[in-house]
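# Analysis of the macromolecular model
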Amino acid sequence: MARRCEICGKGVAVGMKVSHSHIRTKKVWAPNLQRVKAMINGTPRRIMVCTRCLRSGKVQRAI
C-alpha cells in the first residue's frame, strides 16, 4: 500500500535529520493518511486520504 493521498497526491518527503553535532541521517516525513469510505463516481470505495483533504471537504464520505 502506497503512502500517498488518492485525492491530492501528497506523499512522503525525504530529507536529512541533522543533530547538534551535525551528524546527518536520512529521515522520512509521512503524511497523515486515513483509510475512509468515500463516494467515488457514485459508488462507495475505501481510499487513503490525507487529513488536509478530509478537513477541507474535498472528500464526500459514504455512510
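This write-up is about the structure you can find in this document. (Residues numbered from 1 in each chain as written. Predicted model: local features only at pLDDT ≥ 70, side-chain atom pairs only at ≥ 80, totals over all residues. Heavy atoms only, no water.)

## Structural notes on a positive patch on the surface
Side chains of Lys10, Arg52, Arg55 and Lys58 sit close together on the surface and give a patch of like positive charge. Within the element layout of this structure, Arg52 appears in helix α1 (residues 51–56). (Patch = residues over 30% accessible without salt bridge, like charges linked within 9 Å, V, L, I, M, F, W, Y side chains within 5 Å. Areas by Shrake-Rupley, 256 points an atom, 1.4 Å probe, with all protein chains shown as cover. Salt bridge = Lys/Arg side-chain N within 4 Å of Asp/Glu carboxyl O. Lys, Arg positive; Asp, Glu negative; His and termini not counted. Charge placed at Lys NZ, Arg CZ, Asp CG, Glu CD. Helix = DSSP H or I, 4+ residues; strand = E, 2+ residues; numbered from the N terminus.)

## Focus: unusual backbone geometry
The residue His22 is not glycine, and still its phi comes out positive at about 65°. Mapped onto the secondary structure, His22 falls in the loop between β1 (13–18) and β2 (24–29). Take His22: its relative accessible area is 53%, and that puts it in the exposed class. In this model, Asn41 sits at a positive phi of 55°, which is unusual for a non-glycine residue. The residue Asn41 is located in the loop between β3 (33–40) and β4 (43–50) in this model. (Buried < 20%, exposed > 50% of the residue type's maximum accessible area, 1.4 Å probe, protein only.)

## Digging into the nonpolar core
With 10 residues, the main nonpolar core is built from Cys5, Leu33, Val36, Ala38, Ile47, Met48, Val49, Cys50, Cys53 and Val59. When contributions to this core are tallied by element, the ones reaching two or more residues are β3 and β4. A total of four residues in this core trace back to one element, the largest contributor, which is β4. Apart from residues lying up to four places away in sequence, Cys50 is in contact with Cys5, Cys8, Lys10, Asn32 and Leu33. (Core = buried A, V, L, I, M, F, W, Y, C linked by side-chain atoms within 4.5 Å. Contact = heavy atoms within 4.5 Å.)

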